[in-house]
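# Structure assessment
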Amino acid sequence: MTVAAEFQQVTQRFGDFTAVDAIDLTIPAGQLTTLLGPSGCGKTTSLRMLAGYSTPTSGRILIDGVDSTRTPPERRGLGMVFQSYALFPHLTVAENVGYGLKLRKMPAAERKRVVAETLDLVGLGHLAASRPRKLSGGQQQRVALARAIAIRPKLLLLDEPLSNLDARLRVHMRAELRRIQAETGLTVVLVTHDQDEALELSDQMVVMREGRILQQGAPVDVFPAPANRLVAEFLGYENFVTSADGTLRTVRPEHLNVVSEPTTAGLTLEGVVVDVAFRGVDRLVTVDADDGLGRTVRLTADVRDGAVTARPGDRILLSADQAHVVTLAG
Amino acid sequence: MSTRRPVAATLAVAGYVIMIVPILFVVATSFTGGSTLRFPPEGLSLRWFDAAVHHTPFITAMVSSLQLAALATVLALLLGIPATLAIHRGRLPGKGLVEGLFLSPLIVPELVVGLALFQQLMIGLRLDNFTVLLIGHTVLMLPYAVRVTGASLALADPFVEEAARGLGASPLRAFFTVTLPLLRPGIFSAALLSFVTSFNNVPLSLLLQSRDFRTLPVTMLDYVQQSYDPMVAATSTIILAGTVLVAVVAERTVGFARIFGGINR
Amino acid sequence: MISRRTGLLVLPGLALLLAGFLVPSAAMLLAPPGVSPADILARLGQMLTDPYDLAIIWRTVRLGLIVTLICLVLGFPIAYLLARSTSRWSGVLLALAIFPLLLSNVVRTFGWLVVLGSNGAIGQLLLALGLVDQAPQLLYTELAIVLGLTQLFLPLAIISCYSAVAQVDPGLDDAARGLGASRTRTFWGIVAPLSAPGIVVAATLVFAGSATAYTTPYLLGGSSQRMLSTQLFSYSSVSIDWAAASATALIMTVLVFVVSGLSSLAARRGRTS
């Protein structure tokens, strides 16, 4: 594996607040790494330090094996897409995309060709002469992407690139991002708070919280085995159950089933139905479990599943297969 | 205008009458054929316009006022724009205090500033009155430069500069290729406001006059005090025409209402 | 990008402010040539007890307050109607209200000479109607000064009130009306309190401007209706009495500072309550 960039014990403090706390992180070349976490977890601060917009309080950042901790952004050769897109409103789409090439003193004819190619790559060739203001949010996002890609960056950095788009466009752009990354072979670092986005896009996902890295790895490895309760909650796990011996276990709502008699393997719970909500593809059933802790568990059941006829007030028995029960470290 | 609000509408009409009607009377009187300020005017003629454009003191003062306003505006922008950048983008101790200092010429009565400059710089340091006028007008225009360009700086997406840096632009290059073009409407507004304010100024300039360099509004005031003929009305109409022209240019470029901060339609 | 060097760009402007404004102003107020601070204080004491000087101070404050009140009473309705109107004429009317700000005060004030002078429009109209035998002397009265100052500062009041009213969501009007409030009640209960900060700003600007204006009292008040500004001018250019000039300048400056201070206090209290 070739390493494109590396964080070594990087810390960023703003006054008394520690935004990033001594993180170590490796960004593999040619892959898509996502930094995932709630707002304030340090993911954007990490990205800005990588881009050179802020200097770490301590630690080192290597890009292509070279210590770049204090290199100003204009000498890092990275492409950044901002959450607000930060398009230059006084320049046309083509001039925006050509801005970095012009600074690199690329001859006009070649520049024109690269701009056209890059705009075609993001599907905006027909809008080259427009001003950013006239474009839709999705189009502006593509211009920002094209502008960052055009300079053939060592790394493409994306700060919540899809968060300003509507839900449908967001899903479409995920596929677009995957395609563009595959076509260009770029190393991409993407910051997001959306776990679905991270799961779908990442080769490597890095879950952060309060300035620290909680877990990292490929989505297929991280998702079924969250390292702790914080990661599990962030990935959408509910129904946390502490056993008599103190171990914490969790099971996702879709993996709890209504059963008629207890099973020995796996997890079994009994309780009173509080609420049943119809959600189209499934029903969400909220159950007050009887372990004396007043715990509420939730399960989903396929609407076609006739077995779930429970109504509020009914007592039901729930169970999950051992394979779906995740034991957490703490 | 809503006719369902009779009280408000009546007050509004009264307000417009007080603001506008006296100006219309000036214009009407300037075309009089008679030799006194009298209404209704006696006959129609352009004689007072002819007199005004041949009245050397007015012409000289008009040129002086235009020169002063242009120089003071340029100077205020040259000092004010960097200061605005320092206040909004720089690492500056006591930012609020510094900004307050740049806006402070707006609070002290202009006549008081004029007296201070007259007494301390013109009499005390024996500076010539043009230099002192230029200093005074520049000081008075600085708040406009800082406030108006500051407002457009605050509106601009702060990440565009970072984007330019990321694409390879040095800080200076990012400023000239991205920040400055974005500030252009603000700078234009500030320039226009400064120029007009300087050209029209009386209280600050009042004490800072000399035989060699006099400004137009003060010269007109002196003239009105001495004689009561309609030449000042004609001069006023000429100034009104010039001001309308400036207003039209302002409307066509940045939008008239936007120049006076806070009004975004 | 934040950089240490960018902060240095403030220095040239700061230097001009110091040399061309702050130092001369302080020197003039505290130590004019050949005058000790004690002389200024003595002169100040005299002014604050002498009936003639007190009358001038009182006229300045009184006319300032009257003009402020009139500008708010006329300016707020204009701002309100313009901000809430959907008519295409509202743009033109707004421009017409702002335009006078660009026009020379001398030109604007000169208009009142034509309107109020003994051969002016009002006098001649009254004569023609046979209401009077002789055109009344309207110039060189406090009325003339109040009219002149109102004309000068009304645009300022309109702009401040307009920005304030425009920020009040028209949806709130609709909500109040929907809950059963009358038009008048909506205005006094919703729009007026929410735009109060803008009204305070308008009042401050108009008072500070009208209490220190020179052109208007000079042209329309003449020598009989003196104000602090016209006094200041004659002390510093006719009689060259530096102590009296500094004392007058001090009174004017303090007057404006006190009013601005009170208004920012009111604004702060309004924000916390």
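In the nomenclature of an unreviewed UniProt entry, chain C is known as Spermidine Putrescine ABC transporter permease component PotB of Serinibacter arcticus. You can read under Subcellular location (unreviewed entry) in the UniProt record for chain C the words "Cell membrane". Note on chain C: under the UniProt heading Sequence similarities (unreviewed entry), the record states "Belongs to the binding-protein-dependent transport system permease family. CysTW subfamily."

The name given to chain A in an unreviewed UniProt entry is ABC-type quaternary amine transporter, with the source organism recorded as Serinibacter arcticus.

## A short note on the interface of chain A and chain B
In this assembly, 19 residues from chain A lie in contact with 19 residues from chain B. For the pair chain A and chain B, the summed buried surface comes to about 1,700 Å²; carbon and sulfur atoms form 62% of the total. Interface area lost by chain A to chain B is led by Glu74, Tyr99 and Leu103 of chain A, which between them contribute 33%. Counting across the interface, chain A meets chain B through 2 salt bridges. For the salt bridge of Glu162 of chain B with Arg48 of chain A, the shortest nitrogen-to-oxygen distance reads 2.6 Å. Taken together, the links from chain A to chain B amount to 8 residue pairs in polar contact (both at pLDDT 80 or more). Residue contributions to the side of chain A that touches chain B peak at 3 residues, all from helix α2 (residues 93–103) of chain A. Broken down by class, the residue content of the side of chain A that touches chain B amounts to 12 nonpolar, 3 polar and 4 charged.

## Some words on the sheet that holds strand β12 (residues 248–250) of chain A
Residue and element names in this part refer to chain A. Overall, antiparallel pairing links the 3 strands, which are arranged β11-β12-β18 in an open sheet. A single partner strand is all that each edge strand has here, and the edge strands are β11 (240–242) and β18 (326–328). Neighbour-to-neighbour, the strand axes of the sheet open up by a mean angle of 30°, direction not taken into account. Relative to β18, β12 runs antiparallel, the two being bridged by 3 bridges. Across the sheet, Arg249 pairs through a bridge with Thr327, a residue of β18.

## Here's the deal with the packing of aromatic side chains
By the definition in use, this model includes 15 aromatic pairs over all chains. Seen from their ring centres, Phe175 of chain B and Phe176 of chain B are 5.1 Å apart, and the 80° between their planes marks the pair as edge-to-face. The exposure class assigned to Phe175 of chain B is buried, which follows from its relative accessible area of 16%. Judged by centre distance (5.0 Å) and plane angle (85°), the rings of Tyr80 of chain C and Phe187 of chain C are edge-to-face. One end of the pair, Tyr80 of chain C, is in helix α3 (residues 51–84); the other, Phe187 of chain C, is in helix α9 (residues 183–194), with 107 residues separating them in the sequence. These aromatic residues form a ring-pair network of at least three members: Phe76, Tyr80, Phe187 and Trp188 of chain C. Arg147 of chain A extends its terminal NZ or CZ atom over the ring of Phe88 of chain A, reaching a point 4.5 Å from the ring centre. Sitting over the face of the ring of Phe240 of chain A, Arg229 of chain A holds its NZ or CZ atom 4.2 Å from the ring centroid.

## Focus: the pattern of salt bridges
Residue and element names in this part refer to chain A. Overall, the coordinates contain 21 salt bridges over all chains when judged by the stated rule. The salt bridge involving Arg174 is made with Asp194; its shortest N-O contact spans 3.5 Å. Linking Arg174 in helix α5 (residues 167–184) with Asp194 in the loop between β8 (188–192) and α6 (195–201), this pair joins segments that are 20 residues apart in sequence. Assessed through its relative accessible area of 17%, Asp194 is described here as buried.

## Some points on the interface of chain B and chain C
As a measure of interface size, the accessible area lost when the parts come together is often cited. Opposite the 84 residues of chain B that make contact, chain C presents 89 residues. Here chain B and chain C share an interface that buries about 8,000 Å² over both sides, 78% of which is from carbon and sulfur atoms. In terms of surface lost to chain C, no three residues of chain B exceed Arg5, Met19 and Arg91 of chain B, which account for 8% of the buried area on that side. For the pair chain B and chain C, the interface holds 0 salt bridges. Where chain B touches chain C, the interface holds 4 residue pairs in polar contact (both at pLDDT 80 or more). A per-element tally of the side of chain B that touches chain C places helix α1 (residues 6–30) of chain B first, with 15 residues.

## Observations regarding the domain arrangement of chain A
All names here are of chain A. Along its sequence, chain A is organised into domain 1 (3–229) and domain 2 (237–328). Once you take the C-alpha centre of each, domain 1 and domain 2 turn out to be 40 Å apart. Between domain 1 and domain 2, the residue contacts involve 5 residues of the former and 6 residues of the latter. For the pair domain 1 and domain 2, the summed buried area comes to about 540 Å², and 68% of that belongs to carbon and sulfur atoms. Contact with domain 2 buries surface across domain 1, with Phe223, Pro226 and Arg229 losing the most and accounting together for 81% of the total. Applying the counting rule to domain 1 against domain 2 returns 1 residue pair in polar contact (both at pLDDT 80 or more).

## Details of the UniProt feature "domain: ABC transmembrane type-1" (unreviewed entry) in chain C
Those places that UniProt annotates as "domain: ABC transmembrane type-1" (unreviewed entry) correspond, in this numbering, to residues 57–263 of chain C. Spanning residues 57–263 of chain C, this segment combines 78% helix with 0% strand, and its end C-alpha atoms are found 21 Å apart.

## Structural notes on the pairing of strand β10 (residues 212–217) of chain A
All names here are of chain A. With 5 bridges connecting them, strand β9 (residues 204–209) and β10 associate as antiparallel partners. Within β10, the residue paired with Met208 across the bridge is Ile213. What sits between β9 and β10 in their antiparallel hairpin is a turn of 2 residues, with Glu210 showing a positive phi close to 50°.

## Examining the packing of α3 of chain C against helix α7 (residues 142–167) of chain C
All names here are of chain C. In contact at an axis separation of 6 Å, α3 and α7 are set at 40° when each is read in the N-to-C sense. Classified by the interaxial angle, the pair formed by α3 and α7 is oblique. Pair α3 / α7 crosses with right-handed handedness. Across the contact of α3 with α7, the residue classes break down as 23 nonpolar, 2 polar and 4 charged.

Rules used throughout
Residues numbered from 1 in each chain as written. Chains lettered and ligands numbered in written order. Predicted model: local features only at pLDDT ≥ 70, side-chain atom pairs only at ≥ 80, totals over all residues. Heavy atoms only, no water. UniProt positions renumbered as here; feature names shortened; annotations may be inferred. Contact = heavy atoms within 4.5 Å. Buried area = accessible area lost by both parts, 1.4 Å probe. Salt bridge = Lys/Arg side-chain N within 4 Å of Asp/Glu carboxyl O. Polar contact = N/O pair within 3.5 Å; in protein donor to acceptor, adjacent residues only side chain to side chain. Helix = DSSP H or I, 4+ residues; strand = E, 2+ residues; numbered from the N terminus. Nonpolar A, V, L, I, M, F, W, Y, C, P; charged D, E, K, R; others polar. Pairing = 2+ DSSP bridges. Axes fitted to C-alpha atoms, helices over the stretch in contact; angles between N-to-C directions. Phe/Tyr/Trp six-rings, centres within 6.5 Å; stacked < 30°, edge-to-face > 60°. Buried < 20%, exposed > 50% of the residue type's maximum accessible area, 1.4 Å probe, protein only. Lys NZ or Arg CZ within 6 Å of the ring centre and 35° of its normal. Domains from an automatic or database assignment. Parallel < 35°, antiparallel > 145°, perpendicular 65-115°, else oblique. Left-handed = near helix turned anticlockwise from the far one by under 90°.

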